[in-house]
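# Close look at the chain arrangement
Chain by chain, the residues run as shown.
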Amino acid sequence: MSMFNLFKASPEQQQIQEATNPDNLDDDWKAYLEISDKIKIAPDKGRKLLKAILKRAQHKDERQACFALTLLGSCVANDDIGNFHDVVATDQALNVLVKLGKKAKSFNVRDKALALIRKWAEEFSRVHRYPIFNSKYRGMLKEGVVFPDVGNDAPVLTPQASHDPNAAQDGDDEGDEKKTYNSSNTQYIFKLKNDLLALFDYINTCRALLKPIASQYKGRKVEKHEILMQMTVPFLEIQSRLNTLIVTLQTEKLIDLTLKLGEEVHLTVEWINAIQQGRDIKPLADVSF
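Read on for a plain summary of the structure. Quick caveat: nothing in here was measured; it's all calculated off a predicted structure. (Residues numbered from 1 in each chain as written. Predicted model: local features only at pLDDT ≥ 70, side-chain atom pairs only at ≥ 80, totals over all residues. Heavy atoms only, no water.)

## Here's the deal with the layout of surface pockets
Counted only if it meets this: Residues are called lining when one of their atoms sits within 4 Å of a cavity or pocket point, these points coming from a 1 Å grid over the protein atoms alone, where a cavity is a set in which a 1.4 Å probe fits but cannot get out and a pocket is an open set with protein on both sides within 12 Å along at least five of seven lines. Grid points are joined across faces, edges and corners, and a volume is the space filled by probe spheres set on the points. Numbering of helices and strands starts at the N terminus; helices are DSSP runs of H or I of at least 4 residues and strands are runs of E of at least 2. Think of it as three bins: nonpolar holds Ala, Val, Leu, Ile, Met, Phe, Trp, Tyr, Cys and Pro, charged holds Asp, Glu, Lys and Arg, and polar takes everything else, Gly as well.
Estimated volume of the second largest pocket: approximately 1000 Å³. Taken together, 33 residues form the lining of the second largest pocket, with Arg47, Asp86, Val87, Thr90 and Glu270 sitting closest to its centre. If you list the elements that add at least two residues to the lining of the second largest pocket, you get helix H4 (47–57), helix H6 (83–88), helix H7 (91–103), helix H12 (226–246) and helix H13 (252–277). Counted by class, the lining of the second largest pocket contains 13 nonpolar, nine polar and 11 charged residues.

And the structure:
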């Protein structure tokens, strides 16, 4: 292999570089949509393209970084399948945005990164999915990070065709009911804390069951494994309930406990998915709080 090939950009990097060319007078929306369409059919769910986008977002040139962040937001907003959402909802990806939101030298880059974090946290919380977005957002709020206002220009989630127009209203009513809970009540706090701690035990039990399965099927895809199938639905339900719960909490310790629990649930779901797909990842350790 020649020295030239060692430094040659990948096809994904080349496409992102062209779409975020600093010579562009404005965002190249045609190129952004083409990349979004490519992600929808990518066998890796867009992982390579996301890696290239995040690399570009960290470019020292402000225009290129801002173009890359706008592109990232567009790809998430246009993912009506949900595959790319799975790829973005990881510590590895979100930590890049957190870093940019805190330390980018350019105010515009910081603002764009923070706007994405906030928008995704708010949008995905409404449908009780991907608690990692809300976890990052709430964590940064606690650190004193000031987020910019986000507009309603482009929704992150595309409604399904079978969506009941009355469902959103019903969901809002249910959310209002949940907000009437007095989360500062001592008895309520005691019971809720015990329930949350019990979930940590449940997670540890499930992880203990996952370890031998991961070892047995290492490097091989797993189809219709009874234990994996039985675990998936409860964990998704837990994610949904935690997302609903966290917006009602007023006690800092309960917020911390719920955020940590949501993160551990997310990691466990990721591990289940990895086992099913035959991906080899490091087994998760027991958790405690």
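And the narrative resumes.
## Points about empty space enclosed by the protein
If a probe the size of a water molecule is rolled over the atoms, the empty space left behind becomes visible. Here the structure, examined in full by the defined rule, presents one cavity of 30 Å³ or more. Empty space within the largest cavity amounts to approximately 60 Å³. Lining the largest cavity are Pro131, Asn134, Ser135, Leu242, Asn243, Ile246, Thr258, Leu259 and Gly262. Where the lining of the largest cavity is concerned, the elements lending two or more residues are helix H9 (131–142), H12 and H13. Taken together, the residues of the lining of the largest cavity break down into four nonpolar, five polar and no charged.

## Side note on the packing of aromatic side chains
Spelled out, the test is: Think of it this way: a Phe, Tyr or Trp ring, Trp meaning its six-membered ring, pairs with another when their centres are within 6.5 Å, and the plane angle makes it stacked under 30 degrees, edge-to-face over 60, tilted otherwise.
The full count for this structure, using the stated rule, is seven aromatic pairs. Three or more aromatic residues joined by ring pairs form one cluster here, namely Trp120, Phe124, Tyr130 and Phe133.

## Examining the nonpolar core
Buried together is how nonpolar side chains tend to be arranged in soluble globular proteins. Cut-off, in case you're wondering: Each nonpolar core is a collection of buried residues, namely Ala, Val, Leu, Ile, Met, Phe, Trp, Tyr and Cys, held together in the definition by side-chain atoms within 4.5 Å. Using a 1.4 Å probe on the protein chains alone, a residue whose accessible area is under 20% of its type maximum counts as buried, one over 50% counts as exposed, and one in between counts as partly exposed.
The biggest cluster of nonpolar side chains holds 47 residues, and the ones touching the most others in it are Leu72, Phe84, Leu97, Leu100, Trp120 and Phe133. Taken together, the elements giving at least two residues each to this core come down to helix H2 (11–19), helix H3 (29–41), H4, helix H5 (62–77), H6, H7, helix H8 (107–126) and H9. At nine residues, the largest contribution of residues to this core is made by H5. Listed in part, the 29 residues of the second largest apolar core include Leu245, Leu259, Leu284 and Val287.

## Side note on the packing of H5 against H8
Quick note on the threshold: Axis definition: a line fitted to C-alpha atoms, over the contacting stretch in the case of helices. Angles run 0 to 180 degrees between N-to-C directions. By definition in this entry, angles of less than 35 degrees are roughly parallel, angles greater than 145 are roughly antiparallel, angles of 65 to 115 are roughly perpendicular, and the rest are oblique. Helix crossings get a hand from a simple test, with the near helix turned counterclockwise from the far one by less than a right angle marking a left-handed crossing and a clockwise turn marking a right-handed one. The contact definition used throughout considers only heavy atoms, calling two residues in contact when any of these lie within 4.5 Å.
Viewed as axis vectors pointing N to C, H5 and H8 meet at an angle of 10°, and their least axial separation amounts to 9 Å. Regarding the angle of H5 to H8, the classification is roughly parallel. Remark: the crossing between H5 and H8 carries left-handed chirality. Here H5 contributes Glu62, Ala65, Cys66, Leu69, Thr70, Leu72, Gly73 and Val76 to the contact with H8, which in turn contributes Asn108, Val109, Lys112, Ala113, Leu116 and Trp120. Of the residues belonging to the contact of H5 with H8, the class tally is nine nonpolar, three polar and two charged.

## Some thoughts on the pattern of salt bridges
To keep things clear, this is the line we draw: We define a salt bridge as a contact between a side-chain nitrogen of Lys or Arg and a carboxyl oxygen of Asp or Glu at a distance within 4 Å.
For the structure shown, the criterion picks out 13 salt bridges. For lysine 119, the salt bridge goes to glutamate 123, with nearest N and O atoms at 4.0 Å. With lysine 119 and glutamate 123 both in helix H8 and four residues apart, this pair spans about one turn of that helix. The class of lysine 119 is buried, set by a relative accessible area of 12%. On the accessibility criterion, glutamate 123 (16% relative accessible area) is buried. Its salt-bridge partner being aspartate 256, residue lysine 142 comes within 1.9 Å of it at the nearest N-O pair.

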